[in-house]
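Structural characterization, general
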Amino acid sequence: MVLRMSRLMLKTLRDAPADAETTSHKLLVRAGYVCRSSAGMWTWLPLGKRVLDNVARIVREEMEAIGGQEVLLPALLPREHYETTGRADEYGDLLFRLTDRKGTDYVLGPTHEEIFTQLVKDQVTSYKDLPLTLFQIQTKYRDEARPRSGVLRGREFQMKDAYSFDTDEEGLAASYRAHRQAYIRIFERLGFDFRVVSAVSGAMGGSASEEFLAPAAAGEDTFADCPGCDYAANTEAVTYTARAAADTAAGAGAHGPVEEMDTPGTATVAQLAARYGVPASATLKNLLVKVDGEITAVGVPGDREVDLGKLADHLAPAAVDIVTAEDFAERPDLVRGYIGPQGLGIRYLADPRVAPGTAWITGANKEGRHAAGVVCGRDFTVDRYLDVVTVEAGDPCPRCGTGLRLGRAIEIGHIFQLGRKYADAFQLDVLGRDGKPVRVTMGSYGIGVSRAVAALAEQTADAKGLRWPREVAPADVHVVAAGKAVPTALAEDAAARLHAAGLRVLLDDRPGLSPGVKLTDADLIGVPTLLTAGRRAAEGLLELHHRATGDRVDVTLDEAVTRLTATSTATRS
């Protein structure tokens, strides 16, 4: 049927909500696709639900094309399963927790690895039943402290999560490759500009991991890519390799003795560098953290910052917290602002740039004093090297050495080779070819379905409003009756003809509105093609307007049907 705006629950807004910061938040609300229910919770209105369903349809089609079988699991889940894997603690406050009237503890599922593992344990007994891929498209929950950016980061969201089950690593690698190619097809069909980048696994666990990122100014992820080769990675996954010892200023023997100096009022790197007349990169910054409660120092060059996300990933599952003023008060041997690695007496971690043979200006572990010529390998040793600095533009590519570029992006998909983390936790075994138990290995593959809607809006919108790719748009063509009797009759005829030709038609037949209001709304709503019956309707002509390109041409109704039918057929093929 033709979707008539005179009967559609749709209220467009001239102004964006006061708290809206991102383009997608502003436009999805203004165009009547979503409305806020409460903090981080959104209602999908009729036009928005159509777009959401179209995204889900494309995801479902490509998952089924690689043999995925769709199921639907509960969202309300026993907490004990997440405690078994340790993820109840790893998620922390992000996990919605509740207790029923009988005192049983539950969570609202953030992801379903534990539950899918148990499902397969109950249903699959033999290697003959594998490989197996299961997926669902379902509502997930995360108790975000500050939900923001509309549906980009909410407390309730729709996600496709899939899980592969194989008997060996070769099978897992094959499943991973199949999902990777399916994701590429999905995001191409959705109309994304996207990058596939190396990533870290985080609370999900596992080894190999890649993210699918949509570059956008509103993105919360920072990624690096190399103009000299095809390297790309989330900045948390970018690695740095230390120079060989022969390149480190000829080693420790090339340096003179340590010199301590009074340096009052130099508790910051900038103050210290100015005092010595050196660049910040010549100083050694030492950050104190607590690793499962144990105070630990992390050393990085003074011109760099510690990436706490990287540090936490390296040290997981240990908890990492910043040392507080109270901690310093309990440890008078740790002099705040003047920490140095020499004679420190606590575990010392360092970035690979703090290589053996390098000399530094750093704290002397005495109030108001610093030390110059402190040499790694001579005056202090590193207990463990970790790549923990925040990546900056121009850092060397780990693959070819070319300076990296940085960009902001929205994570729209993530795939993991989980291995046996969850299978071990729940003892997921099948009988192998030799009749002996074989431990199953798993993969996990997620796509943010509702987030994809917002990410597309971020990438494709212009100053006038939304501009949906044809496969996800709420309609193929938006027909506007921009006038009274004759334009209205022509618009009605056009809508009927186009619908009969198999196109999805949105008809603006709202009475009493000026052509200007209707056309402004059409630009805001963002259907890919606009067909207007207006000033030349008496001549039997309509204006055909392509929203993405801005191209306009006057056509007869027959020409419009021919052109739009051909476009629709080409898109679906």
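Read on for a plain summary of the structure.

Cut-off values and rules
- Residues numbered from 1 in each chain as written.
- Predicted model: local features only at pLDDT ≥ 70, side-chain atom pairs only at ≥ 80, totals over all residues.
- Heavy atoms only, no water.
- 1 Å grid on protein atoms, 1.4 Å probe; cavity = no way out; pocket = protein on both sides within 12 Å on 5 of 7 lines; lining within 4 Å.
- Points joined across faces, edges and corners; volume = space filled by probe spheres on them.
- Nonpolar A, V, L, I, M, F, W, Y, C, P; charged D, E, K, R; others polar.
- Helix = DSSP H or I, 4+ residues; strand = E, 2+ residues; numbered from the N terminus.
- Buried < 20%, exposed > 50% of the residue type's maximum accessible area, 1.4 Å probe, protein only.
- Contact = heavy atoms within 4.5 Å.
- Phe/Tyr/Trp six-rings, centres within 6.5 Å; stacked < 30°, edge-to-face > 60°.
- Axes fitted to C-alpha atoms, helices over the stretch in contact; angles between N-to-C directions.
- Parallel < 35°, antiparallel > 145°, perpendicular 65-115°, else oblique.
- Left-handed = near helix turned anticlockwise from the far one by under 90°.
- Salt bridge = Lys/Arg side-chain N within 4 Å of Asp/Glu carboxyl O.

With that out of the way, let us pick up empty space enclosed by the protein. Tallying each qualifying case throughout the model produces two cavities of 30 Å³ or more. Computed from the structure, the largest cavity encloses a volume of approximately 60 Å³. Lining the largest cavity, in full, are Val-238, Thr-239, Tyr-240, Lys-310, Arg-353, Asp-387, Val-389, Val-391, Asp-395 and Pro-396. Looking at side-chain class alone, the lining of the largest cavity contains five nonpolar, one polar and four charged residues. Of the pockets and cavities examined, the second largest cavity occupies roughly 30 Å³. If you trace the second largest cavity, you find it lined by His-478, Ala-522, Asp-523, Val-527, Thr-529, Leu-530 and Arg-547. Residue assignment for the lining of the second largest cavity shows that the elements contributing at least two residues are α13 (515-525) and β28 (529-533).

Before going further, it helps to examine the environment of Val-269. For Val-269, the location among the structural elements is in helix α7 (residues 269-276). Judged by its relative accessible area of 21%, Val-269 is partly exposed. Along the chain, Val-269 and Gly-534 lie 265 residues apart, while their C-alpha atoms are 67 Å from each other. Residues contacting Val-269, with those up to four places away along its chain left out, are Ala-280, Thr-283, Lys-285 and Gly-302.

Let us look at the environment of Ala-485. You can see Ala-485 is positioned in helix α12 (residues 485-500). Spatially, the C-alpha atoms of Ala-485 and Ala-538 are 10.0 Å apart, while their sequence positions differ by 53 residues.

Turning our attention to the packing of aromatic side chains. The full count for this structure, using the stated rule, is 11 aromatic pairs. Plain terms: the ring middles of Phe-187 and Phe-212 are 5.6 Å apart, the flat faces sit at 40 degrees to each other, and that makes the pair tilted. One end of the pair, Phe-187, is in helix α6 (residues 169-190); the other, Phe-212, is in strand β11 (residues 209-215), with 25 residues separating them in the sequence.

Looking now at the layout of surface pockets. The space that makes up the second largest pocket amounts to roughly 430 Å³. Along the walls of the second largest pocket sit 21 residues, with Ala-267, Lys-285, Asn-286, Gly-337 and Tyr-338 positioned nearest its centre. For the lining of the second largest pocket, the elements supplying multiple residues, two or more each, are α7, β15 (284-291) and β19 (359-366).

Right, let's talk about the packing of helix α2 (residues 46-65) against helix α11 (residues 449-460) for a bit. Where α2 contacts α11, the two axes come as close as 9 Å, and the packing angle between them is 115 degrees. Here α2 lies roughly perpendicular to α11, going by the angle between them. Classified by chirality, the crossing of α11 by α2 is right-handed. Each of Val-51, Leu-52, Val-55 and Ala-56 in α2 lies in contact with α11, whose residues at this interface are Val-449, Ser-450, Ala-452 and Val-453.

This part takes up the pattern of salt bridges. Tallied over the full model, the rule gives 48 salt bridges. A salt bridge links Glu-90 to Lys-421, with the nearest nitrogen and oxygen atoms 4.0 Å apart. In this pair, Glu-90 sits in helix α4 (residues 87-91) while Lys-421 sits in helix α10 (residues 421-426), placing the two residues 331 residues apart along the sequence. On the basis of relative accessible area, Lys-421 is assigned to the partly exposed category, the value being 27%. When the shortest N-O distance is used, the salt bridge between Arg-439 and Asp-424 registers 2.8 Å. Here Asp-424 lies in helix α10 and Arg-439 lies in strand β24 (residues 437-439), a separation of 15 residues in the sequence.

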